[in-house]
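Summary of the model geometry
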Amino acid sequence: MSTFQAPKGTYDLTPPRSATFLAVREAIAAPLRDSGYGYIETPGFENVELFARGVGESTDIVTKEMYTLTTKGGDQLALRPEGTASVLRAALESNLHKAGNLPVKLWYSGSYYRYERPQAGRYRHFSQVGAEAIGTEDPVLDAELIILADQAYRSLGLRQFRILLNSLGDKECRPVYREALQTFLRDLDLDEETRRRIEINPLRVLDDKRADVQKQLTDAPKLRDYLCDACKAYHEEVRALLTAAGVVFEDDEKLVRGLDYYTRTTFEFVHDGLGAQSAVGGGGRYDGLSEMIGGPELPSVGWALGVDRTVLALEAEGIELDLPYATSVYAVPLGEEARRVLFGVVTGLRRAGIAADFAFGGRGLKGAMKSANRSGARYALVAGERDLAEGVVQLKDMESGEQSAVPLTEVAAELAKRLG
Ligand code: AMP
């Protein structure tokens, strides 16, 4: 160990576990790519103000969890705590919404940072794959995104997850509900901080995890009873589309989520094997966000799935992904001359698209064969002085143990044939 350790609340991804992370990212991205979503990448930091306005001044993310810094030039920046505000900012800046092709469908993958209290499944640096569909109000789009996330999780073999669904109303009906809720909450027996929350973000109080708070909330006014006809119809359509697609969901009227920008459809994917941090992904519609960050009216919907928690979910279900070994051929040279010749063979194989590795450091046969085994390679190439004198290498099938001499000039073709 060195003098240094990974900062609190972070961890390193190292082989072999890191391969699972790559595979999870790929599994989440694949259905998006196949559904017209284009890849977008934005900086790891943004102006603080983007998140303050975009995510919401009253959210925990902005008030407590942001990593902020002032640059030498005096700019106030923050490491990105989530992806939606940045992606929308970038789409507007690049005028993607003006290309006459709405919705603008984008997917992304990257690192996010929140100064949270670390615990199992909750880190200060984590990884998400996300999708945003910008500029269109259409229940089919909300349904599409939920269906694609469901498809991604199922393709990984996950089964013990549930989809929670809710509607938060829009700018017509939500304010009416907000006031009714505030009136109700003000009469409860709550601590100072929660009382403050009633005034700035009353819906979040519904999200309070404490049992004594939840008990007082039993008779709280229900958003469902306040939804306007347009929101009701929209929500029913989303529900019907999901049902038609065979996607099972649960109506959860307590689901408000931690970000201010959501309107109408909100959803969360929870996994029952994860304990307290059970949300593996979530998202919703954010029809007002573009205007909140100074853009035009662009009703949009999106989600972000946590890669770290998805990996934990796989482990909780005991799922081992069927990951092909990276190396197909492993070369073991015995002696100086063999080292040069076999390295040439390996280089040729690699250029021909065959994944090959090499026993470096002039190691003995036994140790080198151990490495060949560990690499998972299907074939080993072994050559010593006598082989070279005869112009051959020994090609060993690591599965059957069979070994045969192959002329040096034919090794690449022979391997290409055998590996199909
Ligand atoms: P959110 O942006 O809060 O809706 O989070 C979306 C997803 O990102 C969650 O469902 C988690 O899977 C993941 N996530 C959020 N915060 C963290 C964190 N601190 N550590 C690990 N994963 C997280």
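Here is a short report on the structure shown in this document. (Residues numbered from 1 in each chain as written. Predicted model: local features only at pLDDT ≥ 70, side-chain atom pairs only at ≥ 80, totals over all residues. Heavy atoms only, no water.)

**Some points on the overall build of the protein**
Along the protein, the regular secondary structure elements total 16 helices and 16 strands. Once the C-alpha set of the protein is aligned to its principal axes, its extents read approximately 90 × 50 × 45 Å. Counting every position in the protein, which comprises 420 residues, the buried fraction comes to 49%. Put simply, 69% of the contacts in the protein that link residues at least 6 apart link residues at least 24 apart. (Helix = DSSP H or I, 4+ residues; strand = E, 2+ residues; numbered from the N terminus. Buried < 20%, exposed > 50% of the residue type's maximum accessible area, 1.4 Å probe, protein only. Contact = heavy atoms within 4.5 Å.)

**Things to note about the pairing of strand S10 (residues 279–285)**
Among the seven residues of S10, six are classified as buried, and the element is accordingly described as predominantly covered. Where strand S9 (residues 263–271) meets S10, six bridges bridge the pair, whose relative direction is antiparallel. Along S10, the bridge assignment pairs Phe269 with Gly281. For S10 and strand S11 (residues 300–306), the ladder comprises five bridges, and the chain directions are antiparallel. Looking at S11, one finds that Gly282 is bridged to Ala304. (Pairing = 2+ DSSP bridges.)

**A short note on the packing of helix H1 (residues 17–33) against helix H5 (residues 139–155)**
Here H1 crosses H5 at 140 degrees, and the two axes come no closer than 8 Å. If you check the angle between H1 and H5, you find them oblique. Handedness of the crossing formed by H1 with H5: right-handed. Where H1 abuts H5, its residues Ala27, Ile28, Pro31 and Leu32 lie against Leu148, Gln151, Ala152 and Ser155. (Axes fitted to C-alpha atoms, helices over the stretch in contact; angles between N-to-C directions. Parallel < 35°, antiparallel > 145°, perpendicular 65-115°, else oblique. Left-handed = near helix turned anticlockwise from the far one by under 90°.)

**A word on the nonpolar core**
Judged by nonpolar contacts, the single largest core of 47 residues is most densely connected at Phe51, Leu88, Leu106, Ile134, Leu181, Leu185 and Leu206. Broken down by secondary-structure element, the contributors of at least two residues to this core are helix H2 (48–54), helix H3 (60–63), helix H4 (84–93), strand S5 (104–113), strand S6 (125–134), helix H6 (174–186) and helix H8 (202–205). Other than its neighbours up to four places away in sequence, Leu106 contacts Tyr37, Gly38, Ile40, Val87, Ala91, Leu96, Gly130, Ala131, Glu132 and Ile134. Residues Ala27, Ala29, Tyr37 and Ala133 belong to the second largest nonpolar core, which totals 40 residues. (Core = buried A, V, L, I, M, F, W, Y, C linked by side-chain atoms within 4.5 Å.)

**With respect to the pattern of salt bridges**
For the coordinates displayed, the defined rule picks out 33 salt bridges. Between Asp272 and Arg162 there is a salt bridge, with the nearest N and O atoms lying 2.9 Å from each other. With a gap of 110 residues between them, Asp272 in the loop between S9 and S10 and Arg162 in strand S7 (residues 161–167) connect regions that are remote in the sequence. Overall, Asp272 belongs to the exposed group, its relative accessible area being 52%. Residues participating in the shared-partner salt-bridge network are Asp60, Lys64, Glu193, Arg197, Arg204, Asp207 and Lys209. (Salt bridge = Lys/Arg side-chain N within 4 Å of Asp/Glu carboxyl O.)

**A few points about the packing of aromatic side chains**
Inspection of the entire model under this criterion finds 13 aromatic pairs. Measuring from ring centre to ring centre gives 5.4 Å for Tyr153 and Phe161, while their planes differ by 55 degrees; the resulting arrangement is tilted. Neither residue differs from the other here; Tyr153 and Phe161 are each classed as buried. Three or more aromatic residues link up through ring pairs in this structure, and these residues are Tyr153, Phe161, Phe267 and Phe269. Arg80 extends its terminal NZ or CZ atom over the ring of Tyr112, reaching a point 4.5 Å from the ring centre. Looking at Arg264, its charged tip hangs above the ring of Tyr234, at a distance of 4.7 Å from the centre. (Phe/Tyr/Trp six-rings, centres within 6.5 Å; stacked < 30°, edge-to-face > 60°. Lys NZ or Arg CZ within 6 Å of the ring centre and 35° of its normal.)

**Side note on the state of the cysteines**
Enumeration according to the criterion identifies zero disulfides in this entry. Here Cys173 is not disulfide-linked; the sulfur of Cys228 is the nearest cysteine sulfur, at 3.7 Å. By relative accessible area, Cys173 is classed as buried at 4%. Lacking any disulfide linkage, Cys231 is separated from the closest cysteine sulfur, that of Cys228, by 3.6 Å. On the basis of relative accessible area, Cys231 is assigned to the buried category, the value being 1%. (Disulfide = S-S within 2.5 Å.)

**Focus: the sheet that holds strand S13 (residues 356–358)**
Strand order in the open sheet made by the five strands is S13-S12-S14-S15-S16, with mixed pairing throughout. Both outer strands of the open sheet, S13 and strand S16 (403–407), are each paired with one neighbouring strand and no more. Ignoring strand direction, the axes of neighbouring strands in this sheet form an average angle of 25 degrees. As defined by bridge partners, strand S12 (residues 329–333) adjoins S13 across three bridges and the pair is classed as parallel. Following the sheet pairing, Val329 is matched in S13 by Ala356. Where helix H16 (residues 411–419) meets the sheet, its contacts fall on S12, strand S14 (379–383), strand S15 (392–397) and S16, and the angle it forms with S14 comes to roughly 160 degrees.

**Details of the site of the ligand**
Taken together, 14 residues sit near the ligand, with Arg114, Glu116, Tyr123, Gln128 and Arg257 positioned nearest. Between the ligand and the protein, one listed contact pairs a nitrogen atom with a side-chain N or O atom of Glu116 at 2.6 Å. In isolation the ligand offers 480 Å² of accessible surface; the protein chains occlude 92% of this area. Listing elements by their share of the shell around the ligand, those giving two or more residues are S6, S10 and S11. Here the shell around the ligand is composed, by residue class, of five nonpolar, four polar and five charged. (Near = heavy atom within 4 Å. Polar contact = N/O pair within 3.5 Å; in protein donor to acceptor, adjacent residues only side chain to side chain. Areas by Shrake-Rupley, 256 points an atom, 1.4 Å probe, with all protein chains shown as cover. Nonpolar A, V, L, I, M, F, W, Y, C, P; charged D, E, K, R; others polar.)

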